[in-house]
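# Observations on chain architecture
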Number of protein chains: 2
Amino acid sequence: MAKKASSRLEWRINVPDGTSKVLEPESGAVGKIWVGLKGCMGIIVLKVWRVLENAWHIGVADPRKVIHCIKVGLALSIVSLFYYMRPLYDDFGGNAMWAVMTVVVVFEYTVGATFYKCINRVIATFLAGALGVGIHLVAEQSGDQLKPIILGMSVFLFASAATFSRFIPSVKARFDYGAMIFILTFSLVSVSGYRVVELFEVAHLRLSTIAIGTSLCILVTMLFCPVWAGCELHHLIHQNMEKLADSLDGCVTEYFKENGSEKDLNKKMQGYKCVLNSKAAEESMANFARWEPTHGRFNFRHPWKQYLKIGASLRNCAYCIETLNSCISSEIQAPPCLRKHFSNKCMKASSYSINVLKELVITIVKMKKSSNIDVKVAEMNFAVEELVDALKSLPTTHFIATTTGEESTKAKAEGVEGSEHPSPIMKVLPLVKVVSMMVEIATRIGGVVNAVEELARLAEFKAAKDGKPKQNQPTDKLVADH
Amino acid sequence: MAKKASSRLEWRINVPDGTSKVLEPESGAVGKIWVGLKGCMGIIVLKVWRVLENAWHIGVADPRKVIHCIKVGLALSIVSLFYYMRPLYDDFGGNAMWAVMTVVVVFEYTVGATFYKCINRVIATFLAGALGVGIHLVAEQSGDQLKPIILGMSVFLFASAATFSRFIPSVKARFDYGAMIFILTFSLVSVSGYRVVELFEVAHLRLSTIAIGTSLCILVTMLFCPVWAGCELHHLIHQNMEKLADSLDGCVTEYFKENGSEKDLNKKMQGYKCVLNSKAAEESMANFARWEPTHGRFNFRHPWKQYLKIGASLRNCAYCIETLNSCISSEIQAPPCLRKHFSNKCMKASSYSINVLKELVITIVKMKKSSNIDVKVAEMNFAVEELVDALKSLPTTHFIATTTGEESTKAKAEGVEGSEHPSPIMKVLPLVKVVSMMVEIATRIGGVVNAVEELARLAEFKAAKDGKPKQNQPTDKLVADH
């Protein structure tokens, strides 16, 4: 498909060059305009084509987005039926418009977001409508002179207050949309009430059309391939955890490997960047998730906020991996003999750290308390201690060797590394940085473990069955896969 | 004010306890319900009070938010006038509703966001209206049987396509709101067109009411205390830069100081956290800023995207400061004698790094090319090199001393530090970490310098006047202030 298009594009771009040469002798200005126009057309077609190609990739990468679009079309088509059916139209008249509008505005990608908007819209419309009618009644009592003043003042006051409430973080997180609908409905009611006598009937009709729109949205969004914000958040968190583990693995392998860098490894190493940038997505999903009813393995009051804490602890790790990554890509490196000396212990510490992360991934995916997370954490800590011990014992082997001049003469003989007489500490420095980052990462993984354990407590995860046989199998398999 | 309220609250909470004791002997159940109700009331009043208190603090911290609320109230009151004025009402009728709705939906905090929504709304309404009328004409030609099918299909297709376009990042950044309005208008036109004969007149009225609403919004948002998204972004970036400088200063001072931690210092050190979390804010502001017309010192085509790059390079620095911060708060610290040895050189390197950051802040604030940024960068690099040299020369002074047993016997005699026989490398390790982080931070500040220079080139900053006299004065003053 892409091939076909590019050949078509080439044809379009090639034509101007061809024709311009023929036309130029006849009419210079017209020819130039013609060329310019064709060139513009070519650029526009190219841009549109790129957007379409981009869209195609997005659709292929996540077919649920395509399904969402079909759902929106479906909901709108269904709500349009109200218009085409005469008896219903006779009941609702022009107010049926509000059903269409509700569907367009309220239908969101995730169930939680749709619920949030539906509930906000219904409650805010009801509250603002009631308040508007009440103020309208008061204004009616105070005579024709005062009426516009009272109505105008009330619009000013309530609109300002509701707008300000949108700046308060706790209100913004839950009722931002509701505040906007409140302002909208209140001004419409108090303004239109000035003219329309049958205010109550209009209010009734409008509320029922909005109810029709919202219930249709909720039905469509929940019945056809629902996308739950809670599931998405759950998925995002354990996916990020896996990415961190992969990055750590990639970094350490890259540092201690002996051949050139592989492409696969490089891509794997960059996973932590997603973790660094996922805060906004996590927060909006957690906001929407709490509106969702019980679904799958998640209760209505699932502790979504704890996921944010896990996310924060993961980001904390990611900062360290970022620094580790910069250590690895720095130009000054420790001499190979030193690296070899530490290679095994570092790889061991990192693989135990990764084991802990993988175990946490399994805990979250299965939503069952892990029976052997304590063992894995202890293993990780032990490996890290061994690594630190190796670092401690370094001076007695390498430094003395250097100070007695054994290695420096060797270097002089080689003539390559020794040209600058690197002092012993500068030789060890890059390695020390890597090791200390490994230690710090292990500490921060401890923070992730705590956050996940807190989640297990809050969400009342059950203990995993058959602790023994599974103890070795799933994690090892996962580790082997990566 | 707060005092008055708390006494009122106490009274409310105290009352139930008092009355319940009197009531309980007479009617247990009623008394309990009474107590429960009063308790609930108390909690609700307390919560509402907290929200109000929160709102008060927000208003005091940024009075522009209060002004924004007044602006919204004002715009709505003005647009309500259309309803109260009989000749205008006779012209527009029920369609005047659309002006109110436009104001409510389109009025945003920043000028850029308001422009974005206004332009999107007008263009999308026009496009969707034209397309809807066109399809309606086609449907009318094909007979009564086919008409609802053609209309329904077109709604389904266009709504799905427009919904999908909102998933494409480049479309989402610029036309997200427009796509929604397109769906809304198209479905309303094609659906209501089924009944209403005077489609053209309705379209004309609706477009003109929307034009009235949007132009009113633009006028109000630009004339009364405008909040420009571009200025906000500009401000955020140089504020973040200053916060980074303060954090770095705070961290290094905290590490090398000799007394206990100060509260002020601790707060100053946490500034980098704002930098870590400001990505989403920067992106949305940059998106809105490009809709803004020329204002103040910013042209229409100011390179807002470059600000995002500066933001990214600042975050890059912040990751390092985060690690530096964790080094400082770690329990294991280098012995005081070693720290003293490095204190001066580290402080010097950090103060030169801070100088560079402060110079960049001045460049951005004044929007003038700095004449002495190169000198400051060179100074920073030189100080960092000195620091590295000091680290290089460390083994010849300290390690040999240790290996010859001089210090270990000393430690044994003291009996405090020497209890674990800390190996020499473990003594230096914390300091080595801090120093290597300092070096890394200086490297990353180099990245910030490049990004700011690129901005100066793109935005055609002029060279600062009177390079010489200012060279020493403003930066030193700024450094002295902090």
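None of these values were measured; they are calculated from a predicted model.

Rules of the game
- Here the residue numbers are simple positions, counted from 1 along each chain's written sequence.
- To label them, take the chains in the order written and letter them from A, then take the ligands in the order written and number them from 1.
- Thresholds applied to this predicted model are a pLDDT of at least 70 for local features of residues and 80 or more for the giving and counting of side-chain atom pairs; totals over whole chains, interfaces and linings are not thresholded and use all residues.
- Neither water nor hydrogens contribute to the side-chain values; these are computed over all heavy atoms in the structure.
- Confidence scores labelled pLDDT are given residue by residue by the predictor and lie between 0 and 100.
- Here, residues are in contact when the closest pair of their heavy atoms is within 4.5 Å.
- Every case where a carboxyl oxygen of Asp or Glu lies within 4 Å of a side-chain nitrogen of Lys or Arg is listed as a salt bridge.
- Polar contacts here mean pairs of N or O atoms no more than 3.5 Å apart (in protein, one a potential hydrogen donor and the other a potential acceptor; neighbouring residues in sequence count only if both atoms are side-chain atoms).
- Segments assigned H or I by DSSP are reported as helices when at least four residues long, segments assigned E as strands when at least two residues long, and all are numbered from the N terminus.
- We call Asp, Glu, Lys and Arg charged. Ala, Val, Leu, Ile, Met, Phe, Trp, Tyr, Cys and Pro are nonpolar, and the rest, Gly among them, are polar.
- Relative accessibility thresholds used throughout: buried, under 20% of the residue-type maximum; exposed, over 50%; partly exposed, between the two (1.4 Å probe, protein chains only).
- Nine residue types can take part in a nonpolar core, namely buried Ala, Val, Leu, Ile, Met, Phe, Trp, Tyr and Cys, and a core is a set of them joined through side-chain atoms within 4.5 Å.
- UniProt positions are given in the numbering used here, feature names are shortened, and annotations may be inferred rather than shown by experiment.
- We superpose the copies by least squares over the C-alpha atoms of residues that have a pLDDT of at least 70 in both of them.
- A patch consists of residues exposed above 30% relative accessible area that lack any salt bridge, with like charges linked at up to 9 Å and nonpolar side chains (Val, Leu, Ile, Met, Phe, Trp, Tyr) linked at up to 5 Å.
- In this description, accessible areas are obtained by the Shrake-Rupley approach with a 1.4 Å probe, and a residue is regarded as covered only by the protein chains that are shown.
- For helices, the fitted line uses only the C-alpha atoms of the stretch in contact; every axis is such a line through C-alpha atoms, and the angle between N-to-C directions lies from 0 to 180 degrees.
- By the definition adopted for this analysis, an angle is roughly parallel if under 35 degrees, roughly antiparallel if over 145, roughly perpendicular if from 65 to 115, and oblique otherwise.
- The term disulfide is used for any two cysteine sulfur atoms that are within 2.5 Å.
- Two aromatic rings from Phe, Tyr or Trp, using only the six-membered ring of Trp, form a pair when their centres are within 6.5 Å; if the ring planes differ by under 30 degrees the pair is stacked, by over 60 it is edge-to-face, and anything between is tilted.
- Look at NZ for Lys and CZ for Arg. If either is within 6 Å of the ring centre and within 35 degrees of the ring normal, a charge sits over the ring.
- We score Asp and Glu as negative and Lys and Arg as positive, and we do not count His or the chain ends.
- Note on charges: their place is set at NZ of Lys, CZ of Arg, CG of Asp or CD of Glu.
- These domain boundaries are the output of an automatic or database domain assignment.
- Buried area is understood as the total, over both parts, of accessible area removed when two parts are fitted together, assessed with a 1.4 Å probe.

In this section: the confidence of the model for chain A. All names here are of chain A. The share of residues in chain A with pLDDT of 70 or more is 78%, and the mean pLDDT across the chain is 79. Across residues 396–421, where pLDDT falls below 50, the model places 21 contacts with residues more than four positions away in sequence or in other chains. Below pLDDT 50 for its whole length, residues 467–482 participates in 20 contacts with residues either more than four positions away or in separate chains. Taken together, the chains of this predicted complex give a pTM of 0.81 and an interface ipTM of 0.80.

Take the interface of chain A and chain B next. In this assembly, 79 residues from chain A lie in contact with 79 residues from chain B. Our enumeration of links across chain A and chain B arrives at 2 salt bridges. Between Glu322 of chain B and Arg444 of chain A there is a salt bridge whose closest N-O contact spans 2.9 Å. In this assembly, chain A and chain B are joined by 8 residue pairs in polar contact (both at pLDDT 80 or more). The element best represented in the side of chain A that touches chain B is helix H3 (residues 63–84) of chain A, accounting for 13 residues. Of the residues contributing to the side of chain A that touches chain B, the split by class is 51 nonpolar, 19 polar and 9 charged.

The next thing to look at is the pattern of salt bridges. All names here are of chain B. Considering all chains together, one arrives at 27 salt bridges over all chains under this definition. Between Lys279 and Glu283 there is a salt bridge, with the nearest N and O atoms lying 3.5 Å from each other. Note that Lys279 and Glu283 are positioned in helix H13 (residues 279–289) at a spacing of 4 residues, about one turn of the helix. In this structure, Glu454 engages Arg457 in a salt bridge whose closest nitrogen and oxygen atoms are separated by 2.8 Å. You can see Glu454 and its partner Arg457 sitting in helix H19 (residues 424–458), 3 residues apart, about one turn around the helix. On the basis of relative accessibility, which here comes to 29%, the residue Glu454 falls in the partly exposed class.

The nonpolar side chains of a soluble globular protein tend to be buried, and buried together. Judged by nonpolar contacts, the single largest core of 140 residues is most densely connected at Met241, Leu244 and Ile310 of chain A together with Met241, Leu244 and Ile310 of chain B. Counting 88 residues, the second-largest nonpolar core is a separate cluster that includes Val100 and Phe186 of chain A together with Ala96 and Ala99 of chain B.

Time to look at the UniProt feature "transmembrane region" (unreviewed entry) in chain A. All names here are of chain A. UniProt feature "transmembrane region" (unreviewed entry): in the numbering of this structure it lies at residues 66–84, 96–115, 122–139, 145–165, 177–197 and 209–231. Here residues 145–165 is 100% helix and 0% strand, with 32 Å between the C-alpha atoms at its ends. Helix makes up 78% of residues 209–231 and strand 0%, with an end-to-end C-alpha separation of 31 Å.

Turning our attention to the relation of the copies chain A and chain B. Of the transformation placing chain A onto chain B, the axial shift is 0.0 Å and the rotation is 180°, giving an RMSD of 0.1 Å. Here the copies are linked by what is in effect a two-fold axis. Residue Tyr319 of chain A, judged by its C-alpha, is the member of chain A lying nearest the rotation axis, at 2.8 Å. The residues that chain A uses at the interface reappear at the interface of chain B in 100% of cases, marking a shared surface.

Residue and element names in this part refer to chain A. On the surface, Leu146, Ile149, Met153 and Leu157 cluster together into a nonpolar patch covering about 400 Å² of accessible area. Counting through the fold element by element, Met153 comes out in helix H7 (residues 143–165). On the accessibility criterion, Met153 (48% relative accessible area) is partly exposed.

With that settled, the discussion passes to the packing of helix H5 (residues 96–106) of chain A against helix H6 (residues 111–141) of chain A. Residues and elements named next belong to chain A. Closest axis-to-axis distance for the H5/H6 pair is 10 Å, and the angle between their directions is 140°. Between H5 and H6, the angle falls in the class oblique. Of the residues in H6, those touching H5 at Trp98, Thr102, Val105 and Val106 are Thr114, Lys117, Cys118 and Arg121. Here the residues of the contact of H5 with H6 are counted per class, giving 4 nonpolar, 2 polar and 2 charged.

A few words now on the state of the cysteines. If you walk through the whole model with that rule in mind, you get 0 disulfides over all chains. Unpaired in terms of disulfides, Cys320 of chain A finds its nearest cysteine sulfur in Cys317 of chain A, a separation of 7.1 Å.

Before going further, it helps to spend a moment on the packing of aromatic side chains. Using the criterion set out here, one finds 21 aromatic pairs over all chains in the structure. Measuring from centroid to centroid gives 5.6 Å for Tyr116 of chain B and Phe288 of chain B, while their planes differ by 45°, and the two rings are tilted. On the criterion of sequence distance, the pair formed by Tyr116 of chain B in helix H6 (residues 111–141) and Phe288 of chain B in helix H13 is long-range, its members being 172 residues apart. With relative accessibility at 23%, the residue Phe288 of chain B sits in the partly exposed group. Through successive ring pairs, a cluster of aromatic residues spans Tyr116, Phe175, Phe288 and Trp291 of chain A. Above the face of the Tyr177 of chain A ring, Lys117 of chain A is positioned so that its terminal group lies 4.8 Å from the ring centre.

Let us look at a positive patch on the surface. Side chains of Lys47 and Arg50 of chain A together with Arg174, Arg301, Lys305 and Lys309 of chain B sit close together on the surface and give a patch of like positive charge. Where the positive patch is concerned, the elements lending two or more residues are helix H2 (28–61) of chain A together with helix H14 (304–329) of chain B. Within the element layout of this structure, Lys309 of chain B appears in helix H14.

With that settled, the discussion passes to the domain arrangement of chain A. Residue and element names in this part refer to chain A. Once the domains are mapped, chain A shows domain 1 (45–223) and domain 2 (230–394 + 424–462). Here the C-alpha centroids of domain 1 and domain 2 sit 44 Å apart. Facing 13 residues of domain 1, the contacting portion of domain 2 comprises 7 residues. At the boundary of domain 1 with domain 2, total buried surface from both sides reaches about 910 Å², with 67% on carbon and sulfur atoms. Where domain 1 meets domain 2, there are 1 salt bridge. At the junction of domain 1 with domain 2, the criterion picks out 2 residue pairs in polar contact (both at pLDDT 80 or more). Those elements that provide at least two residues to the side of domain 1 that touches domain 2 are H6 and helix H8 (169–192). The leading source of residues in the side of domain 1 that touches domain 2 is H6, at 7 residues. Classifying every residue of the side of domain 1 that touches domain 2 by side-chain character gives 8 nonpolar, 3 polar and 2 charged.

The next subject is unusual backbone geometry. At Glu460 of chain A, a residue that is not glycine, the phi angle is positive and equals roughly 50°. As for its placement among the helices and strands, Glu460 of chain A is situated in the loop between helix H19 (424–458) and strand E2 (462–463). Here the phi dihedral of Met367 of chain B falls at roughly 55°; this positive angle occurs in a residue that is not glycine. Turning to its location among the elements, Met367 of chain B is positioned in the loop between helix H15 (336–366) and strand E1 (368–369).

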